[in-house]
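# Fold and contact review
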Amino acid sequence: MIPLDSLNIKQREAVETTKGPVLVNAGPGSGKTRVITYRIANLVTNCSINPYNIVALTFTNKASREMSSRISNLTTDLRNSLTISTFHHFCSRILRYNATSINLDSNFSIIDDSDRLSIIKNVMTELKIDPKITPPRVILSAISNAKSLLLNTDGFKANASDNFKSMVYECYQLYEKQLHLSQVVDLDDLLLKVFFMLKSNNSILKTYQNRFEHLMIDEFQDTNIAQYEIAKLLSNQHRNICVVGDPDQSIYSWRNADIRNILDFKKYYSDAKIISLSENYRSSQTILTAAQSIISSNKNRIHKDLWTQNSKGHPVCLTETFNEREEATTILNEVQRLVSEEKMKLSDIAIMYRVNALSRVLEEVCIQNGIPYILVGSIKFYQRQEIKDLLAYLKLIANPKDDTSLIRIINTPSRKIGKKTISDLSSIANVLNLTIFDTLKQIVEEKIPPELQKRLNRGSLEKIKGFYKLLKQLLDIPENTAISEIITRIIEKTQYEEYLKHHFDHFEERLENITEFKNIAWDFSKNNEENSLILFLERISLVNDTDNIDETSSEYLTLITLHQAKGLEYPIVFIIGMEEGMIPHIKSMDSDAEMEEERRLCYVGFTRAKQKLYLSRTFRRGYRGGYERNIPSRFLNDLPKELTFVASEISEPTEYEDDWVNQEYQSPPSKYSSPKNTKTRFNQSSKSIRYDINKDVNPKENKISIGDHITHATFGKGLVTHVRKLGNDYEITIAFTDNKGIKKFLLSMAPITKD
DNA sequence: CAGTGGAGGCTTTTT
DNA sequence: GCCTCCACTG
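Being a predicted model, the structure only gives us computed values, none of them experimental. (Residues numbered from 1 in each chain as written. Chains lettered and ligands numbered in written order. Predicted model: local features only at pLDDT ≥ 70, side-chain atom pairs only at ≥ 80, totals over all residues. Heavy atoms only, no water.)

### Digging into the sheet that holds strand S6 (residues 214-217)
Paired through their backbone hydrogen bonds, the strands of a sheet run either parallel or antiparallel. The strand order S3-S2-S6-S7-S1-S8 describes an open sheet built from six strands, whose pairing is parallel. Looking at strand neighbours, the two that pair on one side only are strand S3 (83-86) and strand S8 (273-277), the edges of this open sheet. Each neighbouring strand pair of the sheet contributes to a mean axis angle of 15°, computed without reference to strand direction. With respect to the sheet, helix H4 (residues 87-97) is in contact with strand S2 (54-58), S3 and S6, its orientation differing from that of S3 by roughly 110°. Helix-sheet contacts for helix H12 (residues 260-268) involve strand S1 (22-26), strand S7 (241-245) and S8, and the interaxial angle to S1 is about 145°. (Pairing = 2+ DSSP bridges. Helix = DSSP H or I, 4+ residues; strand = E, 2+ residues; numbered from the N terminus. Axes fitted to C-alpha atoms, helices over the stretch in contact; angles between N-to-C directions. Contact = heavy atoms within 4.5 Å.)

See below:
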């Protein structure tokens, strides 16, 4: 038996209501994952349900791994037959298993975003749609949106009421035609095709309905219509469906997550038991109250009162700095202080931001200060050019019909097959209604009509024949060859390394990436008995880079976007860029719905913090080349003043500051309830003075500010990283180039000149 | 065909 | 400010 007495009453109710539909409205840190894992353990151990009959669906691989490992901590030996998977993985399996029933090759590959983009660009060219007037991404997202709403081309046509929609419809049709010809699917298809398969094939539907007696969905607020409808279909026989989510943490509506699912759930399952988890185990009272004060301004929301038994904790600290460099320096000083004085580990700390671009300065200052950091998901491994090239070769070996992959590598490494030849080849393929690979085959076997062949001149003909020969050699690699070995052969046959060395400055890094890729392939073969290339490719298509964060390491500071931070927690959280235009983002300002999502995003950020929450804003931020004056984020106005304090000596408005300090925003009065020493200490480490490039106080001071490049008589070139007032003088910190280190000087004494 | 340079663009990105 | 796309030239 699994004891359930460690759960609170509500959690226990959610775990023990095993029959019928259940909706769990779970606030942040209220033990959401705990409920699902205990529920599964309870079903298996206490209710004797066969794990084979249970499925739990998540959104990320990370979440499903976490769930698996937490369940195996509770009970033994049931992970194997349990289905814990992401929606897409789950559907991919169903689709592959039953592919032939819908006229799809079970070797189908899954295309990524950039493949989709290049297909849609071709489609648009064919339809003579100007990509400057209608960006391909717009069409693509319209199609993706349609698929998420379960509109296939026929369904879309019925709704194509205006000019834009009929244009999208034309593109959608051709796009689908190309996908079908290539025997590939996009990520949305995994859901759409499974839905229509289940809907139209009763025997397949019955098989799965019989099997899945119990179905659970994590992060239900993030489901789109397609996912929800699939879940409904699957659970309609046993009706044991349990969904867990938090509408206040819905931050992916721009990816078609649909909050209507929660409302519909209550309507569709009128007998659903609705359980709210409102005790928070994660954050201090102060953090929770601050977060509530942000979210409670949303009008379109179901009211929910969170509470915690945790102590009041530290006040929320707002730091105000002049610009983004000073912001980074101030925050990283505090990070170092937390590590050295408060015995925090770097892995306890995360710095969060709305847009990726904000990580740049943080990175620079981390490097200057020697702080190791992990930048979550910036340049993605599988999106690197060299990896994409090799993947394209692998995909082509698995499925030679895959035109997109073929076109990607037909001239990589260079085989002197240019744009003209490729477009001639595509047009021939188009006329014959064949894939490019089959067209090449026909050409080599001299089976194509001479008037078509004439479109290619003799030179191009020889080159593409050579390419076909190469492809044949790759296709002849025996099927049971280890994937890493296949990669090695591809590299040999195409002389890919020589290509890299010849074409790129930083080829060493690219070679390292390839080695890493081979290692991944090797690991995969080791852990999967069937050495299937298709499964390997599927895994990669459905894996994202966030999955690779190593949470066990204590060595690294985390830099992460607010979106990516959902589902994570850290003892210490910094959120930077609390400015109008940043959070809330400027693009969300003309829509109430989007503004509410920004608020939820901010709420998600706040509720990641367990012990201490720091917010930061700047007066000016160098962003996109400009240097903008910033108004504090409207969300700061919602914070209870008694819970916050401002760690800044530069926030008091002066005569030349007035124009960029928002009139509405007032610095909190100094009677904060914060422990005095906390404030003082933090201020010591951030005693940066306000300096203004326009102000003429001292001619020398005017010359030097953070970010300036200077030359020192002894140490040479360097970058000013910090300026702070020291008596009547200024202490400046300079990071020198050529590994000469970081040194501090008195401005009046230092033999420096500005470059 | 390949390599360069200027113009324009720009949130977030679970799978 | 940086990256991507394309148009032009060798």
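Having seen the structure, we can now continue with the description.
### Here's the deal with the packing of aromatic side chains
Inspection of the entire model under this criterion finds 16 aromatic pairs. Taking the centre distance of 4.7 Å and the plane angle of 45° together, the rings of Phe265 and Tyr269 count as tilted. Grouping residues by exposure puts Phe265 and Tyr269 together as buried. An aromatic cluster is built from Phe220, Tyr228, Phe265, Tyr268 and Tyr269, whose rings are joined through pairwise contacts. Note that Arg96 overlies the ring of Phe108, its terminal NZ or CZ placed 4.1 Å from the centroid. Looking at Lys232, its charged tip hangs above the ring of Tyr268, at a distance of 4.0 Å from the centre. (Phe/Tyr/Trp six-rings, centres within 6.5 Å; stacked < 30°, edge-to-face > 60°. Buried < 20%, exposed > 50% of the residue type's maximum accessible area, 1.4 Å probe, protein only. Lys NZ or Arg CZ within 6 Å of the ring centre and 35° of its normal.)

### Let's talk about the pairing of strand S15 (residues 620-623)
With four bridges joining them, S15 and strand S16 (residues 626-629) adopt antiparallel strand pairing. In the sheet register, Tyr623 faces S16, and the bridge partner there is Gly626. Turn length for the S15-S16 hairpin, with the two strands adjacent in sequence and antiparallel, is two residues, and the turn residue Arg624 shows positive phi of about 50°.

### Describing the protein's contact with DNA strand C
Surveying the vicinity of DNA strand C reveals the residues Arg360, Arg624 and Gly625. Protein-proximal atoms of DNA strand C, defined as those within 4 Å of the protein, fall in sugar or phosphate at a share of 30%. (Near = heavy atom within 4 Å.)

### Quick notes on the environment of Arg620
One can find Arg620 in strand S15. Classification of Arg620 as buried rests on a relative accessible area of 6%. Residues Arg620 and Ile631, spaced 11 residues apart in sequence, show a C-alpha to C-alpha distance of 8.9 Å.

### With respect to unusual backbone geometry
Cis rather than trans, the peptide bond between Thr412 and Pro413 has omega equal to -5°. Position of Pro413 among the secondary structure elements: in the loop between helix H17 (403-409) and helix H18 (419-432). Along the chain, Ile583 connects to Pro584 via a cis peptide bond; the corresponding omega equals -5°. As for its placement among the helices and strands, Pro584 is situated in the loop between strand S13 (570-575) and helix H27 (592-606). With a phi angle near 75°, Asn256 is a residue other than glycine that sits in the positive phi range. On the basis of relative accessible area, Asn256 is assigned to the buried category, the value being 17%. You will see that Lys343, though not glycine, has its phi angle at about 60°, which is positive. Inspection of the secondary structure assignment puts Lys343 in the loop between helix H14 (324-341) and strand S10 (349-353). We classify Lys343 as exposed; its relative accessible area is 65%.

Bear in mind that shape data such as this cannot, by itself, settle questions of function.
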